[in-house]
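# Structural description and commentary
For reference, the chains in residue letters:
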Amino acid sequence: MEINGIRFKKYFKEYEWSNVFAMLKNNRRNPLICKDDFKGKLVVISGATSGIGYVVAKKYASMGANLICINRNQQKSKDLQQEIEKEYKVECNYILADLSSLKEVHRVANTLLEIPIPIDVLIHNAGVFLTKRELTSDGIEKVFMVQYLSSFIINYILKDKFKKQQKAKIILVNSEGHRFAAWGLRLDDLYWSKRKYSGLKSYGSAKLAQLLAMLCFSEYFNDSGVTINAMHPGAVKTDTGHENGKLYKWYKKNILDKTLKPSSISAEAIYYLGVSKDVETLSGKFFNLTTLETPAPPALDLEVAKLLWGISIKLGKLN
Ligand SMILES: NC(=O)c1ccc[n+]([C@@H]2O[C@H](COP(=O)([O-])OP(=O)(O)OC[C@H]3O[C@@H](n4cnc5c(N)ncnc54)[C@H](OP(=O)(O)O)[C@@H]3O)[C@@H](O)[C@H]2O)c1
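All of the points below concern the structure found in this document. (Residues numbered from 1 in each chain as written. Predicted model: local features only at pLDDT ≥ 70, side-chain atom pairs only at ≥ 80, totals over all residues.)

### Some remarks on the overall build of the chain
Along the chain, the regular secondary structure elements total ten helices and eight strands. A globule of 319 residues ought to have a C-alpha radius of gyration of about 20 Å, and the chain, at 18 Å, matches this closely. When the backbone C-alpha atoms are referred to their principal axes, the chain occupies close to 55 × 45 × 40 Å. Evaluated residue by residue, the chain yields a buried proportion of 46% over its 319 residues. Expressed as a percentage of contacts within the chain between residues at least 6 apart in sequence, the contacts between residues at least 24 apart total 78%. (Helix = DSSP H or I, 4+ residues; strand = E, 2+ residues; numbered from the N terminus. Rg over C-alpha atoms; globule rule 2.2 N^0.38 Å. Buried ≥ 20, exposed ≤ 12 C-beta atoms within 10 Å, placed from the backbone. Contact = placed C-beta atoms within 7 Å.)

Given below as C-alpha coordinates:
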(Lines give C-alpha, C1' and ligand atoms only; values in the text may rest on other atoms or scores of the structure.)
Protein backbone atom coordinates (compact mmCIF):
# COMPACT_ATOMS: atom_id res chain seq x y z
CA MET A 1 0.00 0.00 0.00
CA GLU A 2 1.50 3.32 -1.03
CA ILE A 3 1.76 5.94 1.67
CA ASN A 4 -0.47 8.60 0.14
CA GLY A 5 -3.03 6.17 -1.29
CA ILE A 6 -2.11 6.62 -4.97
CA ARG A 7 -2.03 3.15 -6.46
CA PHE A 8 -1.53 4.20 -10.07
CA LYS A 9 0.18 1.01 -11.25
CA LYS A 10 -2.35 -1.29 -9.60
CA TYR A 11 -5.40 0.53 -10.97
CA PHE A 12 -3.86 1.10 -14.41
CA LYS A 13 -3.64 -2.66 -14.87
CA GLU A 14 -7.19 -3.15 -13.65
CA TYR A 15 -8.89 -0.68 -16.01
CA GLU A 16 -10.70 -2.45 -18.85
CA TRP A 17 -12.06 -0.80 -21.98
CA SER A 18 -15.03 -3.19 -21.94
CA ASN A 19 -16.21 -1.63 -18.66
CA VAL A 20 -15.97 1.86 -20.11
CA PHE A 21 -17.95 0.83 -23.21
CA ALA A 22 -20.52 -0.87 -20.97
CA MET A 23 -20.95 2.37 -19.03
CA LEU A 24 -21.44 4.37 -22.25
CA LYS A 25 -24.05 1.86 -23.42
CA ASN A 26 -25.80 1.86 -20.03
CA ASN A 27 -25.97 5.66 -20.08
CA ARG A 28 -28.40 5.36 -23.01
CA ARG A 29 -30.67 2.81 -21.32
CA ASN A 30 -33.98 3.49 -19.60
CA PRO A 31 -34.58 2.20 -16.09
CA LEU A 32 -36.56 -0.97 -15.41
CA ILE A 33 -39.97 -0.19 -13.93
CA CYS A 34 -41.36 -1.75 -10.76
CA LYS A 35 -45.15 -1.76 -10.53
CA ASP A 36 -45.43 -3.29 -7.04
CA ASP A 37 -46.89 -0.97 -4.44
CA PHE A 38 -45.16 -0.04 -1.17
CA LYS A 39 -48.22 0.59 1.01
CA GLY A 40 -47.57 1.34 4.67
CA LYS A 41 -43.77 1.00 4.38
CA LEU A 42 -41.44 3.63 5.76
CA VAL A 43 -38.95 5.37 3.50
CA VAL A 44 -36.34 7.83 4.75
CA ILE A 45 -34.77 10.13 2.18
CA SER A 46 -32.29 12.99 2.43
CA GLY A 47 -32.48 16.09 0.25
CA ALA A 48 -36.13 15.71 -0.80
CA THR A 49 -36.68 19.45 -1.34
CA SER A 50 -35.44 19.60 -4.92
CA GLY A 51 -34.16 17.69 -7.92
CA ILE A 52 -33.92 13.92 -7.69
CA GLY A 53 -34.95 13.71 -4.02
CA TYR A 54 -38.19 15.56 -4.71
CA VAL A 55 -39.32 13.26 -7.51
CA VAL A 56 -38.20 10.15 -5.60
CA ALA A 57 -40.21 11.21 -2.54
CA LYS A 58 -43.27 11.71 -4.74
CA LYS A 59 -42.78 8.36 -6.48
CA TYR A 60 -42.61 6.38 -3.20
CA ALA A 61 -45.58 8.33 -1.79
CA SER A 62 -47.61 7.67 -4.93
CA MET A 63 -47.07 3.94 -4.31
CA GLY A 64 -48.32 4.17 -0.71
CA ALA A 65 -45.12 4.64 1.34
CA ASN A 66 -44.91 6.95 4.34
CA LEU A 67 -41.92 9.28 4.32
CA ILE A 68 -39.43 10.91 6.61
CA CYS A 69 -37.44 13.51 4.70
CA ILE A 70 -34.14 14.90 5.97
CA ASN A 71 -33.98 18.46 4.65
CA ARG A 72 -32.24 21.69 5.53
CA ASN A 73 -34.92 24.18 4.47
CA GLN A 74 -38.01 24.56 6.66
CA GLN A 75 -40.31 26.31 4.21
CA LYS A 76 -39.52 23.92 1.36
CA SER A 77 -40.06 21.01 3.78
CA LYS A 78 -43.47 22.30 4.87
CA ASP A 79 -44.53 22.81 1.25
CA LEU A 80 -43.37 19.29 0.36
CA GLN A 81 -45.21 17.79 3.33
CA GLN A 82 -48.45 19.56 2.39
CA GLU A 83 -48.17 18.65 -1.26
CA ILE A 84 -47.45 14.97 -0.61
CA GLU A 85 -49.98 14.42 2.17
CA LYS A 86 -52.73 16.14 0.15
CA GLU A 87 -51.99 14.37 -3.11
CA TYR A 88 -51.16 10.85 -1.93
CA LYS A 89 -52.85 10.53 1.51
CA VAL A 90 -49.69 9.15 3.15
CA GLU A 91 -47.69 10.53 6.08
CA CYS A 92 -44.81 12.79 5.16
CA ASN A 93 -42.71 13.96 8.10
CA TYR A 94 -39.40 15.74 8.02
CA ILE A 95 -36.31 16.29 10.15
CA LEU A 96 -34.56 19.60 9.61
CA ALA A 97 -30.79 19.29 9.45
CA ASP A 98 -27.81 20.75 7.69
CA LEU A 99 -25.87 17.66 6.65
CA SER A 100 -22.64 19.66 6.54
CA SER A 101 -22.68 19.84 10.36
CA LEU A 102 -21.36 16.88 12.35
CA LYS A 103 -23.60 17.73 15.28
CA GLU A 104 -26.72 17.88 13.13
CA VAL A 105 -25.88 14.63 11.35
CA HIS A 106 -25.49 12.88 14.72
CA ARG A 107 -28.83 14.33 15.82
CA VAL A 108 -30.54 13.03 12.67
CA ALA A 109 -29.04 9.56 13.09
CA ASN A 110 -30.02 9.35 16.76
CA THR A 111 -33.56 10.54 15.97
CA LEU A 112 -33.87 7.80 13.33
CA LEU A 113 -32.47 5.28 15.80
CA GLU A 114 -35.34 5.98 18.16
CA ILE A 115 -38.08 5.36 15.61
CA PRO A 116 -39.95 2.36 17.06
CA ILE A 117 -40.84 0.85 13.67
CA PRO A 118 -38.58 -0.52 10.90
CA ILE A 119 -37.13 1.76 8.26
CA ASP A 120 -37.79 -0.19 5.08
CA VAL A 121 -35.71 1.92 2.70
CA LEU A 122 -33.10 4.57 3.51
CA ILE A 123 -32.06 6.73 0.56
CA HIS A 124 -28.94 8.88 0.88
CA ASN A 125 -29.56 11.46 -1.81
CA ALA A 126 -28.58 14.94 -0.53
CA GLY A 127 -25.52 16.30 -2.28
CA VAL A 128 -23.61 19.35 -3.41
CA PHE A 129 -21.25 20.19 -6.23
CA LEU A 130 -18.89 23.07 -5.50
CA THR A 131 -16.46 24.66 -7.93
CA LYS A 132 -14.57 26.30 -5.04
CA ARG A 133 -13.25 24.58 -1.92
CA GLU A 134 -15.26 25.30 1.22
CA LEU A 135 -14.74 24.13 4.76
CA THR A 136 -17.61 23.40 7.14
CA SER A 137 -17.78 24.84 10.66
CA ASP A 138 -16.12 21.56 11.78
CA GLY A 139 -13.20 22.20 9.40
CA ILE A 140 -14.20 19.43 6.97
CA GLU A 141 -14.21 19.94 3.21
CA LYS A 142 -17.89 20.47 2.45
CA VAL A 143 -18.41 18.14 -0.53
CA PHE A 144 -16.69 15.29 1.34
CA MET A 145 -18.93 15.95 4.35
CA VAL A 146 -22.29 16.26 2.59
CA GLN A 147 -21.74 13.68 -0.13
CA TYR A 148 -19.91 11.09 1.92
CA LEU A 149 -19.28 11.51 5.65
CA SER A 150 -22.90 12.36 6.56
CA SER A 151 -24.13 9.13 4.95
CA PHE A 152 -21.34 7.16 6.62
CA ILE A 153 -22.26 8.50 10.09
CA ILE A 154 -25.98 7.82 9.65
CA ASN A 155 -25.37 4.27 8.37
CA TYR A 156 -22.85 3.59 11.12
CA ILE A 157 -25.20 4.72 13.91
CA LEU A 158 -28.16 2.83 12.41
CA LYS A 159 -26.30 -0.35 11.48
CA ASP A 160 -27.43 -2.41 14.48
CA LYS A 161 -31.02 -1.19 14.21
CA PHE A 162 -30.99 -2.39 10.61
CA LYS A 163 -29.51 -5.76 11.56
CA LYS A 164 -32.19 -6.26 14.21
CA GLN A 165 -34.89 -5.44 11.67
CA GLN A 166 -33.55 -8.34 9.53
CA LYS A 167 -34.76 -6.52 6.44
CA ALA A 168 -33.93 -3.11 5.01
CA LYS A 169 -32.52 -1.49 1.93
CA ILE A 170 -29.99 1.31 1.90
CA ILE A 171 -29.61 3.12 -1.41
CA LEU A 172 -26.72 5.50 -2.04
CA VAL A 173 -27.43 8.01 -4.78
CA ASN A 174 -23.89 7.94 -6.13
CA SER A 175 -22.61 8.85 -9.58
CA GLU A 176 -20.60 7.85 -12.61
CA GLY A 177 -18.63 10.90 -11.40
CA HIS A 178 -16.75 8.57 -9.03
CA ARG A 179 -14.66 7.86 -12.14
CA PHE A 180 -13.20 11.39 -11.91
CA ALA A 181 -11.11 10.07 -9.01
CA ALA A 182 -9.42 7.81 -11.55
CA TRP A 183 -6.28 7.11 -9.53
CA GLY A 184 -7.96 6.52 -6.23
CA LEU A 185 -8.66 8.26 -2.98
CA ARG A 186 -5.91 10.34 -1.37
CA LEU A 187 -6.33 9.23 2.21
CA ASP A 188 -3.61 11.70 3.22
CA ASP A 189 -5.54 14.67 1.79
CA LEU A 190 -9.28 13.99 2.05
CA TYR A 191 -9.99 17.72 2.57
CA TRP A 192 -7.95 18.99 -0.42
CA SER A 193 -5.51 21.09 1.59
CA LYS A 194 -2.38 19.79 -0.20
CA ARG A 195 -3.61 19.76 -3.80
CA LYS A 196 -5.29 22.14 -6.19
CA TYR A 197 -9.03 21.84 -5.65
CA SER A 198 -11.29 21.05 -8.56
CA GLY A 199 -15.07 20.65 -8.41
CA LEU A 200 -15.07 17.49 -10.50
CA LYS A 201 -12.23 15.86 -8.59
CA SER A 202 -13.59 16.61 -5.12
CA TYR A 203 -17.03 15.39 -6.22
CA GLY A 204 -15.48 12.24 -7.71
CA SER A 205 -13.44 11.56 -4.57
CA ALA A 206 -16.45 11.93 -2.27
CA LYS A 207 -18.51 9.59 -4.43
CA LEU A 208 -15.60 7.14 -4.54
CA ALA A 209 -15.34 7.25 -0.74
CA GLN A 210 -19.02 6.38 -0.52
CA LEU A 211 -18.53 3.36 -2.81
CA LEU A 212 -15.57 2.17 -0.73
CA ALA A 213 -17.50 2.45 2.54
CA MET A 214 -20.34 0.54 0.89
CA LEU A 215 -18.01 -2.47 0.53
CA CYS A 216 -17.45 -2.53 4.30
CA PHE A 217 -21.10 -1.97 5.20
CA SER A 218 -22.10 -4.71 2.78
CA GLU A 219 -19.66 -7.08 4.48
CA TYR A 220 -21.09 -6.06 7.87
CA PHE A 221 -24.68 -6.74 6.71
CA ASN A 222 -23.80 -10.02 5.02
CA ASP A 223 -26.65 -12.58 5.38
CA SER A 224 -28.61 -10.24 7.70
CA GLY A 225 -31.41 -9.42 5.23
CA VAL A 226 -30.10 -5.85 4.97
CA THR A 227 -28.70 -4.69 1.64
CA ILE A 228 -26.75 -1.60 0.64
CA ASN A 229 -26.31 -0.58 -2.98
CA ALA A 230 -25.17 2.47 -4.90
CA MET A 231 -26.55 3.88 -8.12
CA HIS A 232 -25.95 6.50 -10.80
CA PRO A 233 -29.29 8.35 -11.20
CA GLY A 234 -28.66 9.34 -14.83
CA ALA A 235 -27.46 12.74 -16.03
CA VAL A 236 -30.66 14.60 -15.20
CA LYS A 237 -31.90 18.16 -14.97
CA THR A 238 -32.00 19.36 -11.34
CA ASP A 239 -30.90 22.32 -9.22
CA THR A 240 -27.44 20.86 -8.65
CA GLY A 241 -24.62 23.39 -8.47
CA HIS A 242 -26.88 26.33 -7.53
CA GLU A 243 -24.45 27.35 -4.77
CA ASN A 244 -21.78 28.18 -7.38
CA GLY A 245 -20.91 31.49 -9.06
CA LYS A 246 -22.47 33.25 -12.07
CA LEU A 247 -20.23 31.62 -14.65
CA TYR A 248 -21.09 28.09 -13.57
CA LYS A 249 -24.80 28.96 -13.41
CA TRP A 250 -24.69 30.37 -16.93
CA TYR A 251 -22.92 27.24 -18.22
CA LYS A 252 -25.41 24.98 -16.43
CA LYS A 253 -28.45 26.82 -17.75
CA ASN A 254 -27.33 27.45 -21.31
CA ILE A 255 -25.24 24.38 -22.07
CA LEU A 256 -25.41 21.54 -19.55
CA ASP A 257 -29.17 21.56 -18.91
CA LYS A 258 -29.83 21.21 -22.66
CA THR A 259 -28.16 17.79 -22.67
CA LEU A 260 -29.78 16.43 -19.50
CA LYS A 261 -32.68 13.99 -19.13
CA PRO A 262 -35.79 14.41 -16.93
CA SER A 263 -35.35 13.38 -13.30
CA SER A 264 -38.34 11.01 -13.58
CA ILE A 265 -35.89 8.33 -14.79
CA SER A 266 -33.97 8.64 -11.50
CA ALA A 267 -37.22 8.30 -9.54
CA GLU A 268 -38.19 5.11 -11.42
CA ALA A 269 -34.72 3.62 -10.91
CA ILE A 270 -34.57 4.44 -7.19
CA TYR A 271 -38.06 3.00 -6.72
CA TYR A 272 -37.09 -0.18 -8.57
CA LEU A 273 -33.93 -0.64 -6.50
CA GLY A 274 -35.86 -0.12 -3.26
CA VAL A 275 -38.89 -2.26 -4.01
CA SER A 276 -38.37 -4.80 -6.79
CA LYS A 277 -38.01 -8.45 -5.76
CA ASP A 278 -35.52 -8.90 -8.63
CA VAL A 279 -32.81 -7.07 -6.68
CA GLU A 280 -33.91 -8.10 -3.20
CA THR A 281 -30.77 -10.03 -2.27
CA LEU A 282 -28.14 -8.01 -4.16
CA SER A 283 -25.80 -5.97 -1.97
CA GLY A 284 -22.58 -4.04 -2.34
CA LYS A 285 -23.34 -3.39 -6.03
CA PHE A 286 -23.22 -0.36 -8.31
CA PHE A 287 -26.08 0.26 -10.75
CA ASN A 288 -26.31 2.68 -13.65
CA LEU A 289 -30.01 3.47 -13.16
CA THR A 290 -31.15 -0.17 -12.82
CA THR A 291 -28.36 -1.86 -14.79
CA LEU A 292 -25.70 -3.63 -12.77
CA GLU A 293 -22.33 -2.13 -13.67
CA THR A 294 -18.68 -2.56 -12.69
CA PRO A 295 -17.45 0.66 -11.08
CA ALA A 296 -13.92 2.01 -11.65
CA PRO A 297 -11.11 -0.12 -10.12
CA PRO A 298 -10.39 2.24 -7.17
CA ALA A 299 -13.98 1.67 -6.00
CA LEU A 300 -13.30 -2.05 -5.56
CA ASP A 301 -10.16 -1.70 -3.44
CA LEU A 302 -11.03 -3.40 -0.16
CA GLU A 303 -7.69 -2.53 1.41
CA VAL A 304 -8.28 1.22 0.96
CA ALA A 305 -11.93 0.72 1.98
CA LYS A 306 -10.86 -0.70 5.33
CA LEU A 307 -8.42 2.15 5.95
CA LEU A 308 -11.11 4.68 5.04
CA TRP A 309 -13.53 2.95 7.43
CA GLY A 310 -11.18 3.57 10.38
CA ILE A 311 -10.50 7.16 9.30
CA SER A 312 -14.23 7.87 8.87
CA ILE A 313 -15.01 6.63 12.39
CA LYS A 314 -12.50 9.16 13.71
CA LEU A 315 -13.54 12.05 11.44
CA GLY A 316 -17.21 11.35 12.13
CA LYS A 317 -16.57 11.33 15.90
CA LEU A 318 -18.03 7.86 16.16
CA ASN A 319 -15.64 6.44 18.72
N1 LIG B 1 -28.38 15.62 -11.35
C2 LIG B 1 -27.58 14.72 -11.87
O3 LIG B 1 -27.42 14.58 -13.10
C4 LIG B 1 -26.83 13.79 -10.95
C5 LIG B 1 -25.96 12.86 -11.54
C6 LIG B 1 -25.29 11.99 -10.69
C7 LIG B 1 -25.50 12.03 -9.33
N8 LIG B 1 -26.34 12.96 -8.79
C9 LIG B 1 -26.54 12.95 -7.33
O10 LIG B 1 -27.91 13.00 -7.03
C11 LIG B 1 -28.10 13.56 -5.72
C12 LIG B 1 -29.18 14.63 -5.77
O13 LIG B 1 -28.71 15.73 -6.53
P14 LIG B 1 -29.63 16.62 -7.46
O15 LIG B 1 -29.03 16.59 -8.81
O16 LIG B 1 -31.06 16.27 -7.29
O17 LIG B 1 -29.30 18.07 -6.87
P18 LIG B 1 -30.20 19.21 -6.21
O19 LIG B 1 -31.39 19.50 -7.07
O20 LIG B 1 -29.26 20.31 -5.92
O21 LIG B 1 -30.71 18.55 -4.84
C22 LIG B 1 -29.85 18.34 -3.77
C23 LIG B 1 -30.65 18.13 -2.50
O24 LIG B 1 -29.70 18.01 -1.41
C25 LIG B 1 -30.03 18.98 -0.41
N26 LIG B 1 -28.82 19.44 0.28
C27 LIG B 1 -27.71 20.02 -0.24
N28 LIG B 1 -26.84 20.34 0.73
C29 LIG B 1 -27.41 19.95 1.89
C30 LIG B 1 -27.03 20.05 3.24
N31 LIG B 1 -25.87 20.62 3.61
N32 LIG B 1 -27.86 19.56 4.19
C33 LIG B 1 -29.05 19.01 3.86
N34 LIG B 1 -29.48 18.91 2.59
C35 LIG B 1 -28.68 19.39 1.62
C36 LIG B 1 -30.68 20.14 -1.19
O37 LIG B 1 -31.41 20.97 -0.30
P38 LIG B 1 -31.97 22.42 -0.75
O39 LIG B 1 -33.25 22.20 -1.50
O40 LIG B 1 -32.19 23.11 0.57
O41 LIG B 1 -30.90 23.08 -1.59
C42 LIG B 1 -31.54 19.34 -2.15
O43 LIG B 1 -32.72 18.89 -1.52
C44 LIG B 1 -26.72 14.09 -5.29
O45 LIG B 1 -26.13 13.17 -4.41
C46 LIG B 1 -25.95 14.15 -6.60
O47 LIG B 1 -24.57 14.04 -6.43
C48 LIG B 1 -27.01 13.84 -9.57
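### Concerning the packing of helix α3 (residues 51-62) against helix α4 (residues 74-88)
For the pair α3 and α4, the least separation of the axes is 10 Å and the interaxial angle reads 25 degrees. Comparing the axis directions of α3 and α4 gives the class roughly parallel. As for the relative orientation of α3 and α4, their crossing is right-handed in sense. Contacts from Ala57, Lys58, Ala61 and Ser62 in α3 reach Leu80, Ile84 and Tyr88 in α4. When the residues that make up the contact of α3 with α4 are grouped by side-chain class, the tally is five nonpolar, one polar and one charged. (Axes fitted to C-alpha atoms, helices over the stretch in contact; angles between N-to-C directions. Parallel < 35°, antiparallel > 145°, perpendicular 65-115°, else oblique. Left-handed = near helix turned anticlockwise from the far one by under 90°. Nonpolar A, V, L, I, M, F, W, Y, C, P; charged D, E, K, R; others polar.)

### Brief notes about helix α6 (residues 142-165)
Given a rise of 1.5 Å per residue, 24 residues ought to cover 34 Å, and the 32 Å separating the end C-alpha atoms of α6 matches this to within 8%. The principal kink in α6, of about 50 degrees, is found at Lys159. Looking one or two residues beyond α6, the residue adopting positive phi is Gln166, at roughly 65 degrees. (Expected span 1.5 Å × (residues − 1). Bend = angle between axes of the 7 residues up to and from the residue.)

### Describing the site of the ligand
Lining the immediate surroundings of the ligand are 27 residues, of which Gly47, Gly51, Gly127, Thr238 and Asp239 lie closest. The biggest single contributor to the shell around the ligand is α3, with three residues. (Near = placed C-beta within 6 Å.)

### Some remarks on the nonpolar core
One finds Ala57, Tyr60, Leu67, Cys69, Ile123 and Leu212 to be the most contacted residues of the largest nonpolar core, which totals 92 residues. Not counting the four nearest positions on each side in its chain, Ala57 is found in contact with Ile45, Ala48, Leu67, Cys69, Leu80 and Ile84. (Core = buried A, V, L, I, M, F, W, Y, C linked by C-beta atoms within 7 Å.)

### Observations concerning unusual backbone geometry
Despite not being glycine, Trp192 shows a phi value in the positive range, around 60 degrees. One can find Trp192 in the loop between β5 (168-173) and α7 (199-220).

### Quick notes on the pairing of strand β1 (residues 42-46)
Looking along a regular strand, one sees the side chains alternate between the two faces of the sheet. A large share of β1 lies buried, amounting to five of its five residues. Burial along β1 is two-sided: the face carrying Leu42, Val44 and Ser46 and the face carrying Val43 and Ile45 are both buried. Viewed along the sheet, the connection from β1 through α3 into strand β2 (residues 66-71) turns out right-handed. (Right-handed = clockwise from strand over helix to strand, strands pointing away.)

### Thoughts on the sheet that holds strand β3 (residues 92-96)
Spatial strand order, β3-β2-β1-β4-β5-β6-β7-β8: eight strands in an open sheet with mixed pairing. With one partner strand each, in any of the chains shown, β3 and β8 (291-293) form the two edges of the open sheet. Geometrically, the sheet is characterised by an average inter-axis angle of 25 degrees between neighbouring strands, direction not taken into account. Both strand β4 (residues 121-124) and β5 contribute to a ladder of four bridges, which runs parallel. Note on β5: the bridge partner recorded for His124 is Leu172. Against the sheet, α4 contacts β2 and β3, and its axis sits at roughly 170 degrees relative to β3. On top of the sheet, α6 reaches β4, β5 and β6 (226-232); it is set at about 165 degrees to β5, its chief contact. (Pairing = 2+ DSSP bridges.)

### Examining the pairing of β3
For β2 and β3, the ladder comprises five bridges, and the chain directions are parallel. Counterpart to Ile68 in the pairing with β3 is Asn93. Traced from β2 through α4 to β3, the parallel crossover comes out right-handed.

### Regarding the environment of Ala65
Residue position: Ala65 is located in the loop between α3 and β2. Overall, the presence of 26 C-beta atoms within 10 Å leaves Ala65 in the buried class. When the C-alpha positions of Ala65 and Cys92 are compared, they lie 9.0 Å apart, and in sequence the two are 27 residues distant. When near neighbours in sequence (up to four residues on either side) are disregarded, Ala65 contacts Phe38, Lys41, Val43, Tyr60 and Val90.

### Describing the packing of helix α5 (residues 102-113) against α6
Look at α5 against α6: their axes get within 9 Å of each other, and the N-to-C directions meet at 25 degrees. When the axes of α5 and α6 are compared, the pair comes out roughly parallel. Crossing of α5 over α6 shows right-handed handedness. On the side of α5, the interface is formed by Val105, His106, Val108, Ala109, Asn110, Leu112 and Leu113, while α6 contributes Ser150, Ile153, Ile154, Ile157, Leu158 and Lys161.

### What about the environment of Leu308?
Along the chain, the position of Leu308 falls in helix α10 (residues 302-315). Here the alpha-carbon distance between Leu308 and Leu187, two residues 121 residues apart in the chain, equals 7.2 Å. Once you skip the residues sitting within four places of it in the chain, Leu308 turns out to touch Leu185, Leu187, Ala209, Leu212 and Ala213.

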